[in-house]
Amino acid sequence: MPTQDPQAFINALPFARALAMRVEALGNGRAEISMPWDPRFVGDPATGVIHGGAVSALMDTCGGAAVLSYPGASTTATIDLRIDYMRAATPGQRITARAECYHVTRNVAFVRATAHDEDAANPVATASGAFTFDRQGGAA
Amino acid sequence: MKHPEPVQRIKHRRDSALQTLVGAIPYAQFLGISFERHGDELTGVLSYDDSLIGNPILPALHGGVIASFLEVTAIVELSWAMLWDDLETGRLTPESMAQNLPRLPKTIDFTVDYLRTGLPRDAYARARVNRSGRRYASVHVEAWQDNRARLFAQATGHFLMPQRRDG
């Protein structure tokens, strides 16, 4: 886990780079990653609202980053991810996701996450998921 | 007796309507998603591009790309099913659709099951509307790459249906 430069994590993932994601904070099983509004990410042209899939991609990336920043983690992959969409994100505003890896077993990491736009008090979406968990040194 | 509509005209009308629907979703264009149609059956096609990679070491498609592909396919299938009758009866034409784009269903929740690594090649998806009421719909989507029987991801989502403008 390249903790010395958190942004290096995103720069190594072509699709996270394509969505112009930015690492805001990373460490100890927690991650905060944001993504700008962009007309190319819009799902419904009538409203200008970002497509749910782009929010999913942000949540998935943030969840994976949280797992990789958990002490001792080496690699991870998403097993399943559920997203609940509370409201449409306001067009033109940046979306920020915060994920927490709140429990790990020998092989599985459990993650929950929320995403908000500039109105931080009203989440745009929440997510929960399970990720594979591999420890450094390969004690599998 | 009325003559049946010429086959080429039917195909053109349906394909233009589908093109209008999908072409209006910027994020589907951004990901390189297109749709193939046989009758009313749609298959989503995700054309591989290097920018869709999440893990460059394997390499594997980004989980967010897979989730996005499944959600786009679910929304297009649901919208297509919603518009089909109006398109067939002529209440809606590809031209009137382009003038006044149909409102799309809104995702309430979406759960993705990642079954296998997404390989760096094209992917396909088909959605099935399990229930579609006046307000809510439940949709299941399956995605595969080389073999139809070996799914690499599946998802279930719930959607809020747009209210018809004519009430």
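Scroll up a little and you will see the structure.
It should be emphasised that the depicted structure is a prediction, and the values quoted were computed from it without experimental measurement. (Residues numbered from 1 in each chain as written. Chains lettered and ligands numbered in written order. Predicted model: local features only at pLDDT ≥ 70, side-chain atom pairs only at ≥ 80, totals over all residues.)

Brief notes about helix α3 (residues 63-89) of chain B
All names here are of chain B.
- Taking 1.5 Å of rise per residue, 27 residues should cover 39 Å, and α3 covers 40 Å from first to last C-alpha, within 8% of that figure.
- Along α3, the helix axis deviates most sharply at L83, where the bend reaches about 40°.
- Most of α3 is tucked away, with 19 of its 27 residues classed as buried. (Helix = DSSP H or I, 4+ residues; strand = E, 2+ residues; numbered from the N terminus. Expected span 1.5 Å × (residues − 1). Bend = angle between axes of the 7 residues up to and from the residue. Buried ≥ 20, exposed ≤ 12 C-beta atoms within 10 Å, placed from the backbone.)

Regarding the sheet that holds strand β1 (residues 33-38) of chain B
- In spatial order, the strands read β1(A)-β2(A)-β6(A)-β7(A)-β8(A)-β5(A)-β5(B)-β8(B)-β7(B)-β6(B)-β2(B)-β1(B); together these 12 strands make up an open sheet with antiparallel pairing. Strands at the two margins of the open sheet, each flanked by one partner only, are β1 (22-27) of chain A together with β1 of chain B. Going from strand to strand, the sheet's axes swing by 20° on average, the running direction of each strand aside.
- Relative to strand β5 (residues 106-114) of chain B, strand β5 (residues 78-85) of chain A runs antiparallel, the two sharing 5 bridges. Its bridge partner lying in β5 of chain B, D84 of chain A is registered against D109 of chain B.
- Packed on one face of the sheet, helix α3 (residues 52-68) of chain A meets β1, β2 (30-35), β5, β6 (95-104), β7 (108-116) and β8 (125-132) of chain A together with β5 of chain B and runs near 40° to β6 of chain A. (Pairing = 2+ DSSP bridges. Axes fitted to C-alpha atoms, helices over the stretch in contact; angles between N-to-C directions. Contact = placed C-beta atoms within 7 Å.)

Some thoughts on the pairing of β5 of chain B
- Relative to strand β8 (residues 151-160) of chain B, β5 of chain B runs antiparallel, the two sharing 8 bridges. Looking at the pairing, T111 of chain B lines up with T156 of chain B of β8 of chain B.

Let's talk about the packing of helix α1 (residues 7-23) of chain B against α3 of chain B
Residues and elements named next belong to chain B.
- One way to put it is that α1 packs onto α3 with a least axis distance of 11 Å and a crossing angle of 140°. Overall, the two elements α1 and α3 adopt an arrangement that is oblique. Both α1 and α3 take part in a crossing whose hand is right-handed. The segment α1 lies against α3, with R14, A17, L18, L21 and V22 engaging V76, S79, W80, L83 and L87. (Parallel < 35°, antiparallel > 145°, perpendicular 65-115°, else oblique. Left-handed = near helix turned anticlockwise from the far one by under 90°.)

Regarding the interface of chain A and chain B
- If you look at the interface, chain A gives 30 residues, while chain B gives 30 residues.
- Broken down by secondary-structure element, the contributors of at least two residues to the side of chain A that touches chain B are α2 (14-18), β3 (42-44), α3 and β5 of chain A.

Let's talk about the nonpolar core
- Judged by nonpolar contacts, the single largest core of 89 residues is most densely connected at L58 and M59 of chain A together with F69 and L70 of chain B.
- Ranked by residues supplied to this core, first place goes to α3 of chain B with 12 residues.
- The contacts of M59 of chain A, once residues within four sequence positions are left out, are L81, I83, A97, A113, A115, A125 and A127 of chain A. (Core = buried A, V, L, I, M, F, W, Y, C linked by C-beta atoms within 7 Å.)

Focus: α1 of chain B
Residues and elements named next belong to chain B.
- The first and last C-alpha atoms of α1 sit 24 Å apart over 17 residues, in line with the 24 Å expected at 1.5 Å per residue.
- Within α1, the full set of buried residues consists of A17, L18 and L21. Buried positions in α1, seen along its axis, are confined to an arc of 95° and lie on one side of it. When the buried face of α1 is taken as reference, the exposed residues oriented beyond 90 degrees from it are Q8, R9, K11 and H12. (Arc of directions from axis to C-beta.)

Brief notes about unusual backbone geometry
- Along the chain, L58 of chain B connects to P59 of chain B via a cis peptide bond; the corresponding omega equals -15°.
- With respect to the helices, strands and loops of the structure, P59 of chain B is situated in the loop between β3 (53-55) and β4 (60-61).
- Notably, A20 of chain A is not glycine yet its phi reads approximately 55°, a positive angle.
- Mapped onto the elements of the fold, A20 of chain A is located in the loop between α2 and β1.
- Assessed through the 13 C-beta atoms surrounding it within 10 Å, A20 of chain A is described here as partly exposed.
- Positive phi, normally seen in glycine, also occurs at N28 of chain A, with a value near 55°.
- Considering the arrangement of structural elements, one finds N28 of chain A in the loop between β1 and β2.

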